[in-house]
Amino acid sequence: MPPARKPRLGVFKFASCDGCQLSVLDCEDELLAIAGAVDIADFREASRAVLEGPYDLSLVEGSVTTAHDAQRIKEIRAQSKALVTIGACATSGGIQALKNFGDVEEFRRVVYARPEFISTLATSTAIADHVPVDFELRGCPISKVQLLEAIGAFLQGRAPNLPNESVCIECKRRGNVCVMVAHGTPCLGPVTQAGCGAICPAFTRGCYGCFGPQATPNTASLIGELKVLGMAPPAVQRLFRTFNANAPAFRAASESVAAEASTP
Ligand code: SF4
Ligand code: SF4
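The shown structure was predicted, so the numbers you read here are calculated from the model rather than taken from an experiment. (Residues numbered from 1 in each chain as written. Chains lettered and ligands numbered in written order. Predicted model: local features only at pLDDT ≥ 70, side-chain atom pairs only at ≥ 80, totals over all residues. Heavy atoms only, no water.)

Draft legend 1. Representation of the pairing of strand β3 (residues 55-61) within the structure. Burial of β3 is extensive: seven of the seven residues sit out of reach of the surface. Across five bridges, strand β1 (residues 8-13) lies against β3 in parallel orientation. The residue bridging L9 from the neighbouring strand is L57, located in β3. As defined by bridge partners, β3 adjoins strand β4 (residues 80-86) across six bridges and the pair is classed as parallel. Bridge assignment links V60 to a residue of β4, and that residue is T85. The handedness of the β3 to β4 crossover, carried by helix α3 (residues 67-78), is right-handed. (Buried < 20%, exposed > 50% of the residue type's maximum accessible area, 1.4 Å probe, protein only. Helix = DSSP H or I, 4+ residues; strand = E, 2+ residues; numbered from the N terminus. Pairing = 2+ DSSP bridges. Right-handed = clockwise from strand over helix to strand, strands pointing away.)

Shown next as structure tokens:
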């Protein structure tokens with residue numbers, strides 16, 4: 001009897017910095033076990049050897065910023081039994097989604113010497129805005145521990161067991177002193193999904209919101225606290241407009257502050 005076929009894993013890149021794919025390679029010790037459990041069929045960052053789909057599990061990094069991207073993600077979805085998006089670019093549009101708040105034609109004119117060669121959509125959007133997604137792994141970049149849990153879960157046919165509470169919970173578990181209470185440092189931890197281990201507050205920095213909004217973020221309450229700390233509306237707006245600027249809860253928060261700032 002021929003040996004059972006191993007599950008096929010594909011890793012695909014869209015508009016991104018490749019940092020999340022590097023997190024896959026950063027699994028050094030576990031990578032051999034992963035390679036033993038699956039056939040790495042398509043992972044151009046790691047190898048030029050490519051096996052045709054279909055894929056049992058596809059990991060997708062990056063956002064959709066061109067018409068070609070929008071077509072290609074549909075083809076990958078059609079070839080994938082399960083599709084997991086990895087990182088802020090893929091789950092919310094990434095830092096490049098800042099263009100969603102401006103005039104892309106103006107950016108093209110100002111940034112590029114030959115703008116006629118630049119083919120781009122007016123927006124950078126999450127993969128889930130284009131095709132059904134089975135699971136989203138947050139972070140900029142993703143957490144290696146969460147990645148291994150998600151791969152293991154999909155290979156075992158179960159749901160990944162990952163937290164969707166706020167960074168504040170991780171921060172308390174770690175025993176950090178709250179930088180907002182103790183030092184008046186602005187922090188997005190109360191509205192950001194856990195997963196980083198509250199690394200920034202552990203080094204007396206405020207959370208930057210790399211993991212995007214948690215399940216039920218009370219951004220209005222946090223904005224009130226940031227104002228009490230003396231933050232002006234443009235500064236509050238910038239705080240919400242970073243890696244996950246286009247995540248619906250953060251986008252709405254930054255737009256509410258912008259509207260307030262422009263009210264005479
Ligand atoms: S989420 Fe962050 S680390 Fe990952 S590809 Fe995008 S910019 Fe890079
Ligand atoms: S430092 Fe930030 S993440 Fe930690 S408890 Fe305070 S507000 Fe929450």
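This is not the end of the story, as more comes after the structure.
Draft legend 2. Molecular detail of empty space enclosed by the protein. Counted according to the given criterion, the structure contains one cavity of 30 Å³ or more. For the largest cavity, the calculated volume is near 40 Å³. What lines the largest cavity is simply L9, V11, V24, L31, I34, I40, F43 and I151. Elements represented by at least two residues in the lining of the largest cavity include exactly β1, α2 (28-37) and β2 (39-43). The residue inventory of the lining of the largest cavity, partitioned by class, reads eight nonpolar, no polar and no charged. (1 Å grid on protein atoms, 1.4 Å probe; cavity = no way out; pocket = protein on both sides within 12 Å on 5 of 7 lines; lining within 4 Å. Points joined across faces, edges and corners; volume = space filled by probe spheres on them. Nonpolar A, V, L, I, M, F, W, Y, C, P; charged D, E, K, R; others polar.)

Draft legend 3. Spatial organisation of the site of ligand 1. All residues adjacent to ligand 1 are S16, C17, D18, G19, C20, E61, G87, A88, C89, G139, C140 and P141. Counting only elements with at least two residues in the shell around ligand 1, the list comes to α1 (19-25) and α4 (88-92). Of the residues that constitute the shell around ligand 1, the class distribution is six nonpolar, four polar and two charged. (Near = heavy atom within 4 Å.)

Draft legend 4. Seen up close, a nonpolar patch on the surface. A surface patch of nonpolar side chains, amounting to about 410 Å² of accessible area, comprises F107, V110, V111 and Y112. As for its placement among the helices and strands, Y112 is situated in the loop between α5 (104-111) and β5 (135-137). (Patch = residues over 30% accessible without salt bridge, like charges linked within 9 Å, V, L, I, M, F, W, Y side chains within 5 Å. Areas by Shrake-Rupley, 256 points an atom, 1.4 Å probe, with all protein chains shown as cover. Salt bridge = Lys/Arg side-chain N within 4 Å of Asp/Glu carboxyl O.)

Draft legend 5. Fine view of the site of ligand 2. Taken together, the neighbourhood of ligand 2 is formed by V167, C168, C171, K172, C178, V179, C187, G189, P190 and P201. The dominant element in the shell around ligand 2, judged by the number of residues it contributes, is helix α7 (residues 167-174), at four residues. A class-by-class count of the residues in the shell around ligand 2 yields eight nonpolar, one polar and one charged.

Draft legend 6. Spatial organisation of the packing of α2 against helix α6 (residues 144-156). Viewed as axis vectors pointing N to C, α2 and α6 meet at an angle of 20°, and their least axial separation amounts to 12 Å. One way to sum up the angle between α2 and α6 is to call them roughly parallel. Crossing angle aside, the handedness with which α2 passes α6 is left-handed. Of the residues in α6, those in contact with E30, I34 and A37 of α2 are K144, L148, I151 and L155. The residue inventory of the contact of α2 with α6, partitioned by class, reads five nonpolar, no polar and two charged. (Axes fitted to C-alpha atoms, helices over the stretch in contact; angles between N-to-C directions. Parallel < 35°, antiparallel > 145°, perpendicular 65-115°, else oblique. Left-handed = near helix turned anticlockwise from the far one by under 90°. Contact = heavy atoms within 4.5 Å.)

Draft legend 7. Up close: the sheet that holds β5. An order of β2-β1-β3-β4-β5 is seen for the five strands of this open sheet, with the pairing classed as parallel. Two strands lie at the open edges of the sheet, namely β2 and β5, each paired on one side alone. Averaged over all pairs of adjacent strands, the angle between their axes in this sheet comes to 20°, without regard to strand direction.

Draft legend 8. Just the pattern of salt bridges, in detail. All told, the structure shown has nine salt bridges when counted by the stated rule. Where D56 meets R5, a salt bridge forms, and the shortest distance between an N and an O atom there is 3.3 Å. One end of the pair, D56, is in strand β3; the other, R5, is in the segment before β1, with 51 residues separating them in the sequence. What makes R5 exposed here is its relative accessible area of 52%. Between R114 and E116 there is a salt bridge; the shortest N-O distance is 2.7 Å. On the basis of relative accessible area, E116 is assigned to the exposed category, the value being 52%.

Draft legend 9. Highlighting the packing of aromatic side chains. Enumeration over the complete set of coordinates arrives at two aromatic pairs. Ring centres 5.3 Å apart and planes at 70° place the aromatic pair F12 and Y55 in the edge-to-face group. In this pair, F12 is assigned in strand β1 and Y55 in strand β3, connecting sequence segments 43 residues apart. For the pair F12 and Y55, one class covers both residues: buried. On the numbers, 5.5 Å between centres and 70° between planes, the contact of F240 with F250 is edge-to-face. Of the two residues, F240 sits in helix α11 (residues 233-240) while F250 sits in helix α12 (residues 248-262), which places them ten residues apart along the sequence. Of the residues examined, F250 reaches a relative accessible area of 1% and is grouped as buried. A cation over a ring is seen here: R72 above F14, with NZ or CZ 4.2 Å from the ring centre. Lying across the ring of F101, R241 places its NZ or CZ 3.8 Å from the centre. (Phe/Tyr/Trp six-rings, centres within 6.5 Å; stacked < 30°, edge-to-face > 60°. Lys NZ or Arg CZ within 6 Å of the ring centre and 35° of its normal.)

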